[in-house]
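# Working through the structure, step by step
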Amino acid sequence: MNNKPIPVILDGDPGHDDAIGWVIAGACDRLKVLGCTAVNGNCSVNKAAYNAQRVCALINLDVPIAKGQRKPLFIEPIKAPSNIHGESGLDGPVLPEPKRELEEETAVELMARLLNESDEKVTIVATGPLTNVAALLITHPEVKDKIEQISIMGGGILYGNWTPAAEFNILVDPDAADIVFKSGLPIYMAGLDVTEKALVLPEDVELIRSIGNPVSDIVSEWLEFFYIFHKSIGYEGAPLHDPCAIMVLIHPEIFDIRDYYVEVETSGEYTKGCTVADVYNVTGKKSNAKCLMGVDRKKFIELMADYIRNYSEVK
Ligand code: RIB
Ligand code: CA
């Protein structure tokens, strides 16, 4: 078994759950984070970039961080309501100020540089709208063969969370998602089918809080913030959407993963942004995505806690 760490680029719209996914990635020695890129989604790309800097400062992740596209490829951005992640996009505990300036490069330029410079193929973990990733594939086709796979949080085979048919990340930029799903690159799709089973319950928040290091203190407050909002709209717990896209890379065994052919609806009046999975293979088309459909929730929480404990050694 190859014990070399998996090189990854983290692209997201932090966002509480993006931030927790990045905390896990930063603590796992089987992943080597090459860089982080911010995308418009939960909040403006400016806020997402600032939050990316602060999350990296919190976990002492000294990697290049770049700001991505201000808006989706072809359509106007959806303004995410501030009640989910707060006005800053990452409300709740006070976070450290950035320890590293943003790169002059755009997110796409940074991604292309990191891919070119890497000796090995790189995994892109995209936990926001896919605007940056699609823009990379369009403007830098020469780096496509340096991409090992794309692990996304996005979509939902059975239902949406922003419209009945569409999940937020896909709906914000369905054209970008369409480009990614048609790219031919291996895709892990952590859609709502799995992420809404990766629920954090109050006792799990206390488990994280009991770790008692500077990172667990912040993560438990993020979880509490996220839980309060989701409880208010009828959830039993906080769905840890984005960490699923990280956890599947390091612990695929805790997930129920199905190979499906998935297409993205880019224009339907009721279905725009829907990830349409051919569950019964009626098209006869070859699968283009490994879709996460279930998770061992308790194991997921235990593993998250174990990774966060690793920050206890942070000097
Ligand atoms: O629908 C859930 C997704 O939207 C998550 O990535 C969350 O961070 C928001 O971006
Ligand atoms: Ca996100």
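## Description of the overall build of the protein
Assigned secondary structure in the protein consists of 12 helices and 12 strands. In terms of C-alpha radius of gyration, the protein reaches 18 Å, essentially the compact-globule figure of 20 Å for 315 residues. Projecting the C-alpha coordinates of the protein onto the three principal axes gives extents of approximately 50 × 45 × 45 Å. Residue pairs at least 24 apart in sequence account for 83% of intrachain contacts in the protein once pairs closer than 6 positions are excluded. Summed over all atoms, the accessible surface of the protein reaches about 12900 Å², with 53% contributed by carbon and sulfur.

## Some details on the coordination of the calcium ion (ligand 2)
Donor atoms from the polypeptide that bind the calcium ion (ligand 2) are Asp 13 (OD), Asp 18 (OD), Asp 18 (OD), Thr 127 (O) and Asp 242 (OD), placed at 2.2 to 2.6 Å. Here the donor residues of the calcium ion (ligand 2) share one chain and are spaced in sequence as D-x4-D-x108-T-x114-D. Placement of Asp 18 in helix H1 (residues 16–27) and of Thr 127 in the loop between strand E4 (122–126) and helix H5 (131–139) is noted, with a sequence separation of 109 residues between them. Residues Asp 18 and Thr 127 agree in their burial class; the two are buried.

## So, the sheet that holds strand E3 (residues 65–67)
Taken in spatial order, the eight strands line up as E3-E2-E1-E4-E5-E6-E12-E9 in an open sheet, and their pairing is mixed. Edge strands, defined here as strands with exactly one partner in the open sheet, are E3 and strand E9 (255–260). Adjacent strand axes in the sheet meet at a mean angle of 25 degrees when their direction is disregarded. Pairing of strand E1 (residues 6–12) with E4 involves four bridges; the strand directions are parallel.

## Brief notes about the site of ligand 1
All residues adjacent to ligand 1 are Asp 13, Asp 17, Asp 18, Asn 42, Thr 127, Met 153, Asn 161, Glu 167, Phe 168, Asn 169, His 241 and Asp 242. Backbone polar atom of Thr 127 to an oxygen atom of ligand 1: 2.9 Å apart, as the coordinates give it. Between ligand 1 and Asn 161 there is a distance of 2.9 Å, counted from an oxygen atom to a side-chain nitrogen or oxygen. Protein contacts shield 96% of the accessible area of ligand 1, which totals 280 Å² for the unbound molecule. Among the elements of the structure, H1 and helix H6 (168–172) are those that each provide at least two residues to the shell around ligand 1. Of the residues contributing to the shell around ligand 1, the split by class is two nonpolar, five polar and five charged.

## Quick word on a nonpolar patch on the surface
Together, Val 279, Tyr 280 and Val 282 give the surface a local cluster of nonpolar side chains, amounting to about 380 Å² of exposed area. Of note, Val 282 is situated in the loop between strand E11 (275–277) and strand E12 (289–295). The class for Val 282 is exposed, based on a relative accessible area of 71%.

## Brief notes about the confidence of the model for the protein
Taken as a whole, the protein shows an average pLDDT of 96; of its residues, 98% reach a score of 70 or greater. Mean pLDDT across the elements of the protein bottoms out in helix H3 (residues 82–85) (84) and peaks in E4 (99).

## Section: unusual backbone geometry
A cis amide bond links Pro 14 with the next residue in sequence, Gly 15, at an omega value of -25 degrees. Relative to the helices and strands, Gly 15 resides in the loop between E1 and H1. Its identity is not glycine, yet Asn 60 carries a phi of approximately 55 degrees, on the positive side. Examined against the element boundaries, Asn 60 turns out to sit in the loop between helix H2 (45–58) and E3. Not every positive phi belongs to a glycine, and Asn 281 is a case in point at roughly 50 degrees. If you trace the backbone, Asn 281 turns up in the loop between E11 and E12.

## Details of the nonpolar core
Membership of the largest hydrophobic core comes to 64 residues, with the highest contact counts inside it found for Trp 222, Met 247, Phe 255, Phe 300 and Met 304. Ranked by residues supplied to this core, first place goes to helix H10 (residues 214–232) with eight residues. Beyond its immediate stretch of four places on either side in the chain, Phe 255 contacts Val 194, Cys 244, Met 247, Val 248, Leu 292, Gly 294, Val 295 and Phe 300. By size, the runner-up hydrophobic cluster in this structure holds 38 residues, among which are Ala 112, Ile 170, Phe 181 and Met 189.

## A look at the pairing of E12
Counting buried positions along E12 yields six of seven residues, so the element is predominantly enclosed. In terms of strand pairing, strand E6 (residues 187–190) meets E12 through three bridges, oriented parallel. Counted as the bridge partner of Ala 190 is Leu 292 from E12.

## With respect to the environment of Met 189
By secondary structure assignment, the location of Met 189 is in strand E6. Take Met 189: its relative accessible area is 0%, and that puts it in the buried class. Taking the C-alpha atoms as reference points, Met 189 and Lys 71, 118 residues apart in sequence, are found 23 Å from one another.

## Some details on the environment of Asp 217
Along the chain, Asp 217 falls in helix H10. Classification of Asp 217 by relative accessible area gives partly exposed; the value is 35%. Once the C-alpha coordinates of Asp 217 and Met 153 are considered, the two residues, 64 residues apart in sequence, prove to be 25 Å apart.

Thresholds applied
Residues numbered from 1 in each chain as written. Chains lettered and ligands numbered in written order. Predicted model: local features only at pLDDT ≥ 70, side-chain atom pairs only at ≥ 80, totals over all residues. Heavy atoms only, no water. Helix = DSSP H or I, 4+ residues; strand = E, 2+ residues; numbered from the N terminus. Rg over C-alpha atoms; globule rule 2.2 N^0.38 Å. Contact = heavy atoms within 4.5 Å. Areas by Shrake-Rupley, 256 points an atom, 1.4 Å probe, with all protein chains shown as cover. Donors = N, O, S within 2.8 Å, 3.2 Å for Na, K, Ca; no water. Buried < 20%, exposed > 50% of the residue type's maximum accessible area, 1.4 Å probe, protein only. Pairing = 2+ DSSP bridges. Axes fitted to C-alpha atoms, helices over the stretch in contact; angles between N-to-C directions. Near = heavy atom within 4 Å. Polar contact = N/O pair within 3.5 Å; in protein donor to acceptor, adjacent residues only side chain to side chain. Nonpolar A, V, L, I, M, F, W, Y, C, P; charged D, E, K, R; others polar. Patch = residues over 30% accessible without salt bridge, like charges linked within 9 Å, V, L, I, M, F, W, Y side chains within 5 Å. Salt bridge = Lys/Arg side-chain N within 4 Å of Asp/Glu carboxyl O. pLDDT = per-residue confidence, 0-100. Core = buried A, V, L, I, M, F, W, Y, C linked by side-chain atoms within 4.5 Å.

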